[in-house]
Amino acid sequence: MRIDNPTLKHPAGRIVPALLKSSIITAAVSRVEFTLPQDFTFFILHIRNVRLSADDNGMNLRVSTDGGVSFASGASDYAWNGFRNGTGGVVNVQDSADTEISLVGGTPVIGNATGEGFNAIVYMLNPGQDNNSRFMTNASSSWNAGGASGGNLNNSEIGGRYAQNGTVNAISVGTNTVNLVSGQFDLYGIK
Amino acid sequence: MRIDNPSMPHANHGLISFFEDPTIFTVVDDEPRIKISQSDITGATNVDFVLPAGFHFFELFIRNLVPVTGGTDLGLQVSLDSGATFKAGASDYAYALWGGDTTTGFVNQIDAANTFILLNQTTNGLGTTGTQAYNARVFIFNPFGGRMFPMIMCHSSNNGSTGLQTAATSAGAYVGGGNASVSGVRFLLNSGNFERGEIYLYGIR
């Protein structure tokens, strides 16, 4: 019996989304990484119930062009923009030259008290296109924040891109500074 | 033995789809998308899709969309006759878009009476190079109406005509025909043709 075979087709020849990999965090990790099989056109990453090891942190995404051996983190490797909405109102968030794509709008507003954490859906619309806009994402996320960041519920929507050449074939999600101690990541592929 | 029940619930991931061979299955999303059609665009004025019956929602993924003329804007119109004609009246559509680039920031763009639903932030418009290409996810909530206006949502990201990272989120509705059933959608530019790009249509039951 085969499970999660991403090449299987519907009897009518139509392909449904395949769950490529689930990563359930059961011990502290600095980042969660996925390879992106190149026979898929689009990818969707569901992130849910992520708790961090410390209060007041962000969450970001980086990409790899060598199958996950290394992840780009140069000063101008990424550009992203969007908005964040919370108790402080709606604010524009953006960075035209960053070391990562922020999934929370830059400000470290993820809390780690009881009930606080991070959830998101990330759409990867063309990671495998070397000569085009290489990597675009839309992230919609919400979380409860406390501590020094203040606020309560925050919501953000971000568009971002990898600004260098190369076919993106892996991604890495994390905070750069603290660990992820619980949560689940589900990566889906669509043809 | 053959199992064809596509909606059997799974303990953790919603649905399991069974195929001709019941010993082979794959776990799928809570909202399984079935690919309906794909348009590989080369030099088109409009890109049209027919929305077949039997789906509750439709989802379109757009990638690498490039117009011939830089700075143009992308819109969506609907058809009530499976793509034979598309609604383009002056008050047929309403939309509310929130978007911007890394210089201007997000701004509000609202129109209660337009000839199409706007799908990109217009400060820069769409760019003509590959690295400026437009990418988006478009979700159609209730194409077959019956209770309210057919509505769509769009999340887009591109590197606009001036080379600035640009993102937008928009909602729009066809308001020209009450709660009419929509059986087709058209993507169009406010000026000129598409040069290239790809649009994929998926149905969600």
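Just so you know, the residues in each chain are numbered from 1, in the order the chain's sequence is written. Think of it this way: whatever chain is written first is A, whatever ligand is written first is 1, and the rest follow in order. A pLDDT threshold of at least 70 governs which residues receive local features in this predicted model, and a stricter bar of 80 or more applies before side-chain atom pairs are shown or counted, although totals over entire chains, interfaces and linings include all residues. In computing side-chain values, all of the structure's heavy atoms are included and hydrogens and water are not.

Student: An account of the overall build of chain A is requested, with residue identities and associated values reported.
Tutor: Within chain A, the regular secondary structure consists of 0 helices and 13 strands. Only protein chains enter the accessibility calculation, which uses a 1.4 Å probe; a residue whose area is less than 20% of its type maximum is buried, one above 50% is exposed, and one in between is partly exposed. The buried share among the 191 residues of chain A stands at 54%. Values of accessible area rely on a 1.4 Å probe in the Shrake-Rupley scheme; residue burial ignores everything except the protein chains shown. A total of about 7100 Å² of accessible surface is found on chain A, and carbon and sulfur atoms cover 45% of it. Under the scheme used here, helices are H or I runs from DSSP no shorter than 4 residues and strands are E runs no shorter than 2 residues, and both carry numbers assigned from the N terminus.

Student: Explain unusual backbone geometry to me, using residue names and the numbers behind them.
Tutor: Even without being a glycine, N49(A) presents a positive backbone phi close to 55°. The topology assignment puts N49(A) in strand β4 (residues 42–52). The phi dihedral of N64(B) falls on the positive side, at around 55°, and the residue is not glycine. The residue N64(B) is located in strand β6 (residues 57–67) in this model. For N64(B), a relative accessible area of 2% corresponds to the buried category.

Student: Could you give an account of the side chain of T102(B), with specific residues and numbers?
Tutor: The residue T102(B) is located in the loop between β8 (93–101) and β9 (105–114) in this model. Only heavy atoms matter for contacts: two residues are in contact if any of them lie within 4.5 Å across the pair. In this structure T102(B) touches W80(A), N81(A), Q94(A), D95(A), S96(A), L164(B) and Q165(B), once residues within four positions along its chain are discounted.

Student: Quick one: what's the story with the packing of aromatic side chains, residue by residue and with numbers?
Tutor: Note on ring pairs: Phe, Tyr and Trp rings are taken, using the six-membered ring of Trp, and paired if centres are within 6.5 Å. Classes follow the plane angle, with under 30 degrees stacked, over 60 edge-to-face and the rest tilted. Scanning all chains against the criterion turns up 15 aromatic pairs over all chains. Consider the rings of F40(A) and F43(A), whose centres lie 6.1 Å apart with planes at 50°: the pair is tilted. Their ring planes at 55° and their centres at 5.6 Å tell us that Y93(B) and Y174(B) sit as a pair that is tilted. Here the residue Y93(B) occupies a position in strand β8, and Y174(B) occupies one in strand β13 (residues 165–174), the gap between them amounting to 81 residues. What makes Y93(B) buried here is its relative accessible area of 0%. Three or more aromatic residues joined by ring pairs make a cluster, and in this case those are F42(A), Y123(A), F61(B), Y200(B) and Y202(B). Whether a charge lies above a ring is judged from NZ of Lys or CZ of Arg, which has to be within 6 Å of the ring centre and within 35 degrees of the ring normal. Across the ring face of F40(A), the terminal group of K191(A) is positioned such that the distance to the ring centre comes to 5.1 Å. It is R63(B) that lies over the ring of F42(A); its NZ or CZ is 5.7 Å from the centre.

Student: Break down empty space enclosed by the protein for me, citing the residues and quoting the values.
Tutor: Using a 1 Å grid laid over the protein atoms alone, points where a 1.4 Å probe fits but cannot get out form a cavity; open sets with protein on both sides within 12 Å along at least 5 of 7 lines form a pocket; any residue with an atom within 4 Å of a point counts as lining. Grid points are joined across faces, edges and corners, and a volume is the space filled by probe spheres set on the points. On inspection of all chains with the given rule, the structure shows 1 cavity of 30 Å³ or more. Of the volumes computed, that of the largest cavity is approximately 50 Å³. Amino acids are sorted into nonpolar (Ala, Val, Leu, Ile, Met, Phe, Trp, Tyr, Cys and Pro), charged (Asp, Glu, Lys and Arg) and polar (every other residue, Gly among them). The residue makeup of the lining of the largest cavity, split by class, is 9 nonpolar, no polar and no charged.

Student: Help me get a handle on the sheet that holds strand β7 (residues 74–79) of chain B, residues and values and all.
Tutor: Residues and elements named next belong to chain B. Here, any two strands with at least 2 DSSP bridges between them count as paired. Pairing is antiparallel across the open sheet formed by 4 strands, whose spatial order is β5-β14-β7-β10. Here the strands that pair on one side only, and so sit at the sheet edges, are β5 (46–50) and β10 (117–118). Bridge analysis of β7 against β10 gives 2 bridges, and the strand direction is antiparallel. Bridging across to β10, G75 finds its partner in L118.

Student: Summarise the confidence of the model for chain B; cite the residues concerned and give the values.
Tutor: Residues and elements named next belong to chain B. Across chain B, the average pLDDT comes to 82, with 82% of residues at 70 or higher. Under a pLDDT of 50 for its full length, residues 1–29 has, in the predicted model, 70 contacts with residues more than four places off or in other chains. Under the prediction, the complex receives an ipTM of 0.78, its pTM being 0.82. pLDDT expresses, on a scale from 0 to 100, how confident the predictor is about each individual residue.

Student: Quick rundown of the pairing of strand β15 (residues 194–204) of chain B? Include the residues and the values.
Tutor: Residue and element names in this part refer to chain B. The element β15 is largely enclosed, with a buried count of 9 among its 11 residues. Sheet analysis places strand β4 (residues 33–42) next to β15, joined by 9 bridges and oriented antiparallel. Looking at the pairing, S37 lines up with L201 of β15. Here β6 runs beside β15; their pairing, made up of 9 bridges, is antiparallel. If you follow R63 over to β15, its bridge partner there is E198.

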